[in-house]
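# Survey of secondary and tertiary structure
Chain by chain, the residues:
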Amino acid sequence: MHSHSLLTFPTCIPMVLAVSLAWAAQTGEVRTGSAALADWKADGPGVRRYIKPSDLPAPPTGTDAEKSVARVAKLVPPPQGALPKVPDGFAVQVFATGFKMPRTLRVAPNGDIFLSESGAGRVLVFRANADGATAKPEVFAENLDRPYGIVFQPPADPQYVYVAAANQVVRYKYQPGAPKAAGPAEVIVGNIPTERHWTRDLAVTRDGKRLFLSVGSASNLGVSSMSDMTPENIRQHEKTHGRGAAWGKEENRAVVRVLDPAGKSIRNYATGLRNCSGLAMQPGTDNLWCVVNERDHLGPNLVPDHMVLVQDGAFYGWPWYYIGNNEDPALKGKRPDLKGHVRVPEVLIQPHSAALSVAFYDRDAFPGEYRGDAFVALHGSHSRPESTGYKVIRVRMKDGRPTGEYEDFMTGFLVDNSSVWGRPAGVAVTRDGALLVSDDANGTIFRITRK
């Protein structure tokens, strides 16, 4: 648990530090095949990619797979005057800084901006009219174990704020506009195991009657945690846990769960999602999307992270398969019954990019073609010789469905292949149509607007 006095609040930068850098990549060509899988040196605002399942290489065999686990990029201070790169026509400024691992950003119906300061164990709130000159965050809730997901319930006229910490989901009585929770934390889901992946996100249906909770796996592949079970035991297990659901220490992990607002009933909604770190409801619908961190140890170009529509009863492969009927070599022949039952994700993202959060753009401040598209924060690789991620991408949508293509929107955090000064973690769209991006490496929130 963490507790911090009000004296530790971040300071906010009072002016726009810079506008978008002049350089921007050519946007006419969509990179496909091996070019789409390329590393950070090909990145830049406007660079477009489309990765198809057919583009994926065969998995390595033997010890070759382990060679992909290379290093962790070194965190360095931002270069003097440095700001991320954004497309021409956009400006980026520092909205606020001085946080300890700022992650999820969510905007309340009244425009207030909520932030999970995961490293400080608290949730902060900025008033709706906050800007770089006057933003003063206040402590909404504290003494939480790595808070992450935040939702307002019911969404249109919230009575509660739900927060997903690493070990539990709690809710606080809420009065819109109030800087502090109106009551103590009420535990809705308790005793969530915290081994390894701890980023628990939340989403809620438009009517507020169903909440969704993502719980990532406890391991890369779950092999060591699952002793053999008979086919009959597996069949019985899947009746209550969902198709392909793992067991042992992975029980009720690598899943998205669904629950009622009081937490009286809870079940697995979708299975086989190794680490669904970001959930979002598509505006105007109850379409639930998540962005997923996939497994390591299959080489630098496997397995793609992805953005996927989460459907009730669907199975997404982990740990037995990936991206459809591709069997993981470490579990070869273990579950032939699952072949043909793995739902393929809508958008494949460069492997090891560490997709953490997703937000749909539903405002009018950006050019019209942005409306309905999604922004995804890629935290950056750690298990790849040549880096990927460390950027925010724009996922293209058409008629409410992803085209499969995405483009770089915010880049420039990598100094070189081994050094980085920022790691995007959270994305949110404000009431006035700006895009907020949290950087949990240097404790900063950026604000991107149209010039």
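Conventions and cut-offs
Residues numbered from 1 in each chain as written. Predicted model: local features only at pLDDT ≥ 70, side-chain atom pairs only at ≥ 80, totals over all residues. Heavy atoms only, no water. Helix = DSSP H or I, 4+ residues; strand = E, 2+ residues; numbered from the N terminus. Buried < 20%, exposed > 50% of the residue type's maximum accessible area, 1.4 Å probe, protein only. Areas by Shrake-Rupley, 256 points an atom, 1.4 Å probe, with all protein chains shown as cover. 1 Å grid on protein atoms, 1.4 Å probe; cavity = no way out; pocket = protein on both sides within 12 Å on 5 of 7 lines; lining within 4 Å. Points joined across faces, edges and corners; volume = space filled by probe spheres on them. Nonpolar A, V, L, I, M, F, W, Y, C, P; charged D, E, K, R; others polar. Pairing = 2+ DSSP bridges. Phe/Tyr/Trp six-rings, centres within 6.5 Å; stacked < 30°, edge-to-face > 60°. Lys NZ or Arg CZ within 6 Å of the ring centre and 35° of its normal. Polar contact = N/O pair within 3.5 Å; in protein donor to acceptor, adjacent residues only side chain to side chain. Contact = heavy atoms within 4.5 Å. Salt bridge = Lys/Arg side-chain N within 4 Å of Asp/Glu carboxyl O.

## A closer look at the overall build of the protein
- In terms of regular secondary structure, the protein is built from 2 helices and 32 strands.
- Per-residue burial over the protein gives 59% buried out of 451 residues.
- When the accessible surface of the protein is summed, it comes to about 17400 Å², and 50% of that surface belongs to carbon and sulfur atoms.

## Structural notes on empty space enclosed by the protein
- Evaluation of the coordinates by the stated rule reveals 2 cavities of 30 Å³ or more.
- Of the pockets and cavities examined, the largest cavity occupies roughly 40 Å³.
- Around the largest cavity, the lining residues are T104, L105, R106, Y148, D201, S277, G278, L356, S357, V358 and V427.
- When contributions to the lining of the largest cavity are tallied by element, the ones reaching two or more residues are β6 (102-107), β18 (276-281) and β24 (355-360).
- For the second largest cavity, the full set of lining residues is G244, A245, A246, R253, A254, V255, T271, G272, W318 and P319.
- Across the lining of the second largest cavity, the residue classes break down as 6 nonpolar, 3 polar and 1 charged.

## Concerning the pairing of β18
- For β18, a buried count of 6 out of 6 residues is recorded, marking the element as mostly surrounded by other parts of the structure.
- Bridge count for β18 against strand β19 (residues 288-292) is 5 bridges, and the pairing is antiparallel. Residue pairing in the sheet places A280 in a bridge with W289 of β19.
- Where β18 folds back onto β19 in an antiparallel hairpin, the turn is made up of 6 residues, including G284, whose phi is positive at roughly 80°.

## Here's the deal with the packing of aromatic side chains
- Scanning the model with the defined rule gives 26 aromatic pairs in all.
- An angle of 75° between the planes, with centres 6.1 Å apart, marks the rings of F114 and Y174 as edge-to-face. Of the two residues, F114 sits in strand β7 (residues 113-117) while Y174 sits in the loop between β12 (169-173) and β13 (186-189), which places them 60 residues apart along the sequence. Comparing F114 with Y174, the two get one shared label, buried.
- The interplanar angle of 45° and the centroid separation of 6.2 Å between the aromatic rings of F152 and Y174 together place this pair among those described as tilted. Here F152 is found in strand β10 (residues 149-153), whereas its partner Y174 is found in the loop between β12 and β13, with 22 residues between them in sequence. Comparing F152 with Y174 shows no difference in burial state: the two are buried.
- Three or more aromatic residues link up through ring pairs in this structure, and these residues are F90, Y361, F366, Y370, F375 and F409.
- Lying across the ring of Y160, R171 places its NZ or CZ 4.0 Å from the centre.
- Here the guanidinium or amino end of R394 rests over the ring plane of Y370, the centre of that ring lying 3.7 Å away.

## Topic: the sheet that holds strand β2 (residues 30-31)
- Pairing is mixed in the open sheet, where 6 strands are placed in the order β2-β3-β27-β26-β25-β24. Only two strands of the sheet have a single partner each, and these edge strands are β2 and β24.
- The sheet contact formed by strand β25 (residues 374-378) and strand β26 (residues 391-398) spans 5 bridges and is antiparallel. By the bridge assignment, A374 is partnered in β26 with V395.

## Quick look at the layout of surface pockets
- Taken as a whole, the largest pocket spans an internal volume of roughly 820 Å³.
- Of all the elements in the fold, those that place two or more residues in the lining of the largest pocket are β6, β10, β14 (202-204), β18, β24 and β30 (424-429).
- Tallied by class, residues from the lining of the largest pocket come to 21 nonpolar, 6 polar and 5 charged.
- Each pocket or cavity is described by its volume, and for the second largest pocket that value is around 450 Å³.
- Along the walls of the second largest pocket sit 25 residues, with H197, N275, N293, A354 and H382 positioned nearest its centre.
- Residues belonging to the lining of the second largest pocket are distributed by class as follows: 6 nonpolar, 11 polar and 8 charged.

## Here we look at the side chain of S357
- Relative to the helices and strands, S357 resides in strand β24.
- Engagement of the side chain of S357 in a polar contact is seen with the backbone nitrogen of V427, the distance being 3.3 Å.
- When sequence neighbours within four positions are dropped, the list of residues in contact with S357 reads G278, V291, F375, V376, A377, A425, G426 and V427.

## Re the pattern of salt bridges
- In this structure the tally under the stated criterion is 29 salt bridges.
- Put simply, E238 and R335 hold a salt bridge, and the shortest N to O gap is 2.8 Å. Remark: R335 occurs in the loop between β22 (326-327) and β23 (347-349) and E238 occurs in helix α2 (residues 231-241); sequence separation between them is 97 residues.
- Relative accessible area serves as the criterion here: at 17%, E238 is assigned to the buried category.
- Using a relative accessible area of 4% as the deciding quantity, one classes R335 as buried.
- Across the pair D337 and R335 runs a salt bridge whose closest N-O atoms are separated by 2.8 Å.
- Here the residues in one salt-bridge network are D43, R49, K391 and D408, joined through shared partners.

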